[in-house]
Amino acid sequence: MADYYRRNNDRTKAISYFIKSVNEKPTFVQCYLQIALCYFEMEQYQQALTYLNQYLKINQEDDFAYALRAKIYNFLGDNTSALSEITTAMAIENNEEYKFIECKILYDLKRYLQARDNLKNTKLETAEYYKYLGISEAALGNDADAILNLEKSIILYDDDKIVNMKYNELKLKVESK
(Lines give C-alpha, C1' and ligand atoms only; values in the text may rest on other atoms or scores of the structure.)
Protein backbone atom coordinates (compact mmCIF):
# COMPACT_ATOMS: atom_id res chain seq x y z
CA MET A 1 0.00 0.00 0.00
CA ALA A 2 2.80 2.40 0.88
CA ASP A 3 4.43 1.99 -2.54
CA TYR A 4 1.08 2.51 -4.24
CA TYR A 5 0.49 5.79 -2.41
CA ARG A 6 4.04 6.99 -3.07
CA ARG A 7 3.75 6.24 -6.79
CA ASN A 8 0.48 8.19 -6.83
CA ASN A 9 2.00 11.18 -5.05
CA ASP A 10 0.10 10.75 -1.79
CA ARG A 11 3.26 10.80 0.29
CA THR A 12 1.50 11.43 3.61
CA LYS A 13 -0.44 8.17 3.30
CA ALA A 14 2.67 6.42 2.02
CA ILE A 15 4.61 7.53 5.09
CA SER A 16 1.82 6.29 7.33
CA TYR A 17 1.92 2.84 5.73
CA PHE A 18 5.72 2.68 5.77
CA ILE A 19 5.68 3.52 9.50
CA LYS A 20 3.07 0.80 10.11
CA SER A 21 5.27 -1.67 8.25
CA VAL A 22 8.39 -0.88 10.23
CA ASN A 23 6.45 -0.92 13.50
CA GLU A 24 5.14 -4.41 12.74
CA LYS A 25 8.46 -5.69 11.45
CA PRO A 26 11.39 -3.62 12.83
CA THR A 27 13.90 -5.51 10.68
CA PHE A 28 12.27 -4.13 7.52
CA VAL A 29 14.66 -1.17 7.53
CA GLN A 30 14.10 -0.35 3.86
CA CYS A 31 11.01 1.49 5.10
CA TYR A 32 13.24 4.11 6.76
CA LEU A 33 14.75 4.92 3.37
CA GLN A 34 11.31 5.08 1.76
CA ILE A 35 10.04 7.41 4.48
CA ALA A 36 13.12 9.61 3.98
CA LEU A 37 12.44 9.71 0.24
CA CYS A 38 8.82 10.73 0.81
CA TYR A 39 9.85 13.55 3.12
CA PHE A 40 12.58 14.60 0.67
CA GLU A 41 10.04 14.75 -2.17
CA MET A 42 7.81 16.85 0.10
CA GLU A 43 10.80 19.16 0.74
CA GLN A 44 10.68 18.41 4.46
CA TYR A 45 14.42 17.95 4.71
CA GLN A 46 14.85 17.73 8.48
CA GLN A 47 12.33 14.88 8.70
CA ALA A 48 13.96 13.19 5.73
CA LEU A 49 17.33 13.46 7.44
CA THR A 50 15.97 11.89 10.64
CA TYR A 51 14.76 8.75 8.86
CA LEU A 52 17.77 8.61 6.58
CA ASN A 53 20.12 8.69 9.56
CA GLN A 54 18.13 5.84 11.10
CA TYR A 55 18.48 3.87 7.87
CA LEU A 56 22.22 4.53 7.56
CA LYS A 57 22.85 3.27 11.09
CA ILE A 58 21.91 -0.15 9.77
CA ASN A 59 22.91 0.06 6.08
CA GLN A 60 26.28 1.77 6.12
CA GLU A 61 27.21 0.71 2.59
CA ASP A 62 24.24 2.18 0.71
CA ASP A 63 25.65 4.69 -1.77
CA PHE A 64 22.20 5.95 -2.75
CA ALA A 65 21.43 6.85 0.87
CA TYR A 66 24.67 8.83 1.20
CA ALA A 67 23.92 10.64 -2.07
CA LEU A 68 20.43 11.45 -0.81
CA ARG A 69 21.89 12.75 2.43
CA ALA A 70 24.31 14.90 0.37
CA LYS A 71 21.35 16.41 -1.50
CA ILE A 72 19.53 17.07 1.77
CA TYR A 73 22.55 18.80 3.32
CA ASN A 74 22.96 20.80 0.11
CA PHE A 75 19.32 21.97 0.28
CA LEU A 76 19.82 22.84 3.95
CA GLY A 77 22.89 24.93 3.04
CA ASP A 78 25.41 22.68 4.80
CA ASN A 79 27.62 22.22 1.76
CA THR A 80 30.66 20.98 3.68
CA SER A 81 28.64 18.05 5.02
CA ALA A 82 27.06 17.59 1.59
CA LEU A 83 30.50 17.26 0.01
CA SER A 84 31.56 14.73 2.63
CA GLU A 85 28.42 12.65 2.02
CA ILE A 86 28.73 12.63 -1.77
CA THR A 87 32.41 11.69 -1.43
CA THR A 88 31.33 8.71 0.67
CA ALA A 89 28.69 7.75 -1.92
CA MET A 90 31.28 7.94 -4.71
CA ALA A 91 33.72 5.80 -2.73
CA ILE A 92 31.06 3.07 -2.63
CA GLU A 93 29.77 3.52 -6.20
CA ASN A 94 31.42 5.97 -8.56
CA ASN A 95 28.78 7.00 -11.10
CA GLU A 96 28.00 10.03 -13.24
CA GLU A 97 25.02 11.18 -11.19
CA TYR A 98 27.14 11.34 -8.03
CA LYS A 99 29.90 13.19 -9.87
CA PHE A 100 27.34 15.74 -11.02
CA ILE A 101 25.97 16.19 -7.49
CA GLU A 102 29.55 16.75 -6.34
CA CYS A 103 30.03 19.44 -9.01
CA LYS A 104 26.88 21.27 -7.91
CA ILE A 105 28.09 21.20 -4.31
CA LEU A 106 31.54 22.44 -5.36
CA TYR A 107 29.86 25.31 -7.19
CA ASP A 108 27.83 26.16 -4.08
CA LEU A 109 31.08 26.13 -2.10
CA LYS A 110 32.41 28.71 -4.61
CA ARG A 111 35.05 26.27 -5.81
CA TYR A 112 34.26 27.20 -9.41
CA LEU A 113 37.45 25.96 -11.07
CA GLN A 114 37.14 22.53 -9.47
CA ALA A 115 33.42 22.41 -10.30
CA ARG A 116 34.09 23.29 -13.95
CA ASP A 117 36.99 20.86 -14.33
CA ASN A 118 35.01 18.03 -12.72
CA LEU A 119 32.00 18.81 -14.93
CA LYS A 120 34.18 18.54 -18.02
CA ASN A 121 35.21 15.05 -16.87
CA THR A 122 31.63 13.76 -16.75
CA LYS A 123 29.79 12.17 -19.62
CA LEU A 124 26.61 14.18 -19.12
CA GLU A 125 25.00 16.50 -21.64
CA THR A 126 21.82 17.72 -20.00
CA ALA A 127 20.41 21.22 -19.65
CA GLU A 128 21.43 21.23 -15.99
CA TYR A 129 24.96 20.09 -16.90
CA TYR A 130 25.36 23.01 -19.32
CA LYS A 131 23.78 25.36 -16.79
CA TYR A 132 26.39 24.53 -14.14
CA LEU A 133 29.21 24.55 -16.68
CA GLY A 134 28.03 27.94 -17.90
CA ILE A 135 27.63 29.55 -14.50
CA SER A 136 30.98 28.11 -13.40
CA GLU A 137 32.63 29.63 -16.48
CA ALA A 138 30.89 32.94 -15.73
CA ALA A 139 32.12 32.89 -12.13
CA LEU A 140 35.64 32.32 -13.47
CA GLY A 141 35.29 35.31 -15.83
CA ASN A 142 35.18 33.22 -19.01
CA ASP A 143 32.20 35.04 -20.51
CA ALA A 144 32.40 33.59 -24.04
CA ASP A 145 32.52 29.99 -22.76
CA ALA A 146 29.77 30.78 -20.27
CA ILE A 147 27.49 32.12 -23.01
CA LEU A 148 28.14 29.09 -25.21
CA ASN A 149 27.25 26.65 -22.43
CA LEU A 150 24.23 28.64 -21.29
CA GLU A 151 22.96 28.66 -24.91
CA LYS A 152 23.20 24.86 -24.94
CA SER A 153 21.29 24.73 -21.67
CA ILE A 154 18.56 26.96 -23.11
CA ILE A 155 18.30 24.81 -26.24
CA LEU A 156 17.78 21.71 -24.11
CA TYR A 157 15.41 23.39 -21.62
CA ASP A 158 14.44 26.99 -22.12
CA ASP A 159 12.33 27.43 -19.00
CA ASP A 160 15.13 27.96 -16.45
CA LYS A 161 14.87 31.57 -15.30
CA ILE A 162 18.35 31.55 -13.74
CA VAL A 163 19.95 30.39 -16.99
CA ASN A 164 18.00 32.90 -19.08
CA MET A 165 18.83 35.76 -16.71
CA LYS A 166 22.55 34.90 -16.58
CA TYR A 167 22.69 34.41 -20.35
CA ASN A 168 21.07 37.80 -21.03
CA GLU A 169 23.34 39.48 -18.48
CA LEU A 170 26.48 38.05 -20.10
CA LYS A 171 25.31 38.84 -23.64
CA LEU A 172 24.78 42.49 -22.67
CA LYS A 173 28.17 42.59 -20.98
CA VAL A 174 29.99 41.14 -24.00
CA GLU A 175 28.09 43.30 -26.52
CA SER A 176 28.83 46.49 -24.59
CA LYS A 177 32.58 45.92 -24.70
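Since the model is a prediction, treat every value here as computed from it, not as a measurement.

A. Molecular detail of the side chain of Asp160. In this structure, Asp160 sits in the loop between helix H10 (143-156) and helix H11 (161-175). Judged by its relative accessible area of 16%, Asp160 falls in the buried class. Among the polar contacts made by the side chain of Asp160, one reaches the main-chain amide nitrogen of Ile162 at a distance of 3.0 Å.

B. Fine view of the packing of helix H2 (residues 11-24) against helix H3 (residues 30-41). Taken N-terminus to C-terminus, the directions of H2 and H3 make an angle of 165 degrees; their axes are 9 Å apart at the nearest point. In this view, H2 runs roughly antiparallel relative to H3, as classed from their interaxial angle. In the crossing of H2 with H3, the sense of the turn from one axis to the other is left-handed. Residues Arg11, Ala14, Ile15, Phe18, Ile19, Ser21 and Val22 of H2 lie in contact with H3, whose contacting residues are Cys31, Tyr32, Gln34, Ile35, Cys38, Tyr39 and Glu41. Classifying every residue of the contact of H2 with H3 gives ten nonpolar, two polar and two charged.

C. Focus on unusual backbone geometry. Even without being glycine, Asn9 reaches a positive phi, approximately 60 degrees. By the secondary structure assignment, Asn9 is in the loop between helix H1 (2-7) and H2. In this model, Lys110 sits at a positive phi of 65 degrees, which is unusual for a non-glycine residue. With respect to the helices and strands, Lys110 occurs in the loop between helix H7 (96-108) and helix H8 (112-120).

D. The arrangement of the side chain of Asn74 in detail. Topologically, Asn74 is positioned in helix H5 (residues 63-76). Assessed through its relative accessible area of 19%, Asn74 is described here as buried. Those residues within four positions of Asn74 in sequence are excluded, and the remaining contacts are Asn79, Ala82, Ile105 and Asp108.

E. Seen up close, the pattern of salt bridges. Across all of its chains, the model carries twelve salt bridges by this definition. Residue Glu85 is joined to Arg69 by a salt bridge in which the shortest nitrogen-to-oxygen separation is 2.9 Å. Linking Glu85 in helix H6 (residues 79-92) with Arg69 in helix H5, this pair joins segments that are 16 residues apart in sequence. Measuring nitrogen to oxygen at the nearest pair gives 3.7 Å for the salt bridge that ties Lys71 to Glu97. Here Glu97 lies in helix H7 and Lys71 lies in helix H5, a separation of 26 residues in the sequence. You can call Lys71 partly exposed: its relative accessible area is 27%.

Cut-offs applied
- Residues numbered from 1 in each chain as written.
- Predicted model: local features only at pLDDT ≥ 70, side-chain atom pairs only at ≥ 80, totals over all residues.
- Heavy atoms only, no water.
- Helix = DSSP H or I, 4+ residues; strand = E, 2+ residues; numbered from the N terminus.
- Buried < 20%, exposed > 50% of the residue type's maximum accessible area, 1.4 Å probe, protein only.
- Polar contact = N/O pair within 3.5 Å; in protein donor to acceptor, adjacent residues only side chain to side chain.
- Axes fitted to C-alpha atoms, helices over the stretch in contact; angles between N-to-C directions.
- Parallel < 35°, antiparallel > 145°, perpendicular 65-115°, else oblique.
- Left-handed = near helix turned anticlockwise from the far one by under 90°.
- Contact = heavy atoms within 4.5 Å.
- Nonpolar A, V, L, I, M, F, W, Y, C, P; charged D, E, K, R; others polar.
- Salt bridge = Lys/Arg side-chain N within 4 Å of Asp/Glu carboxyl O.

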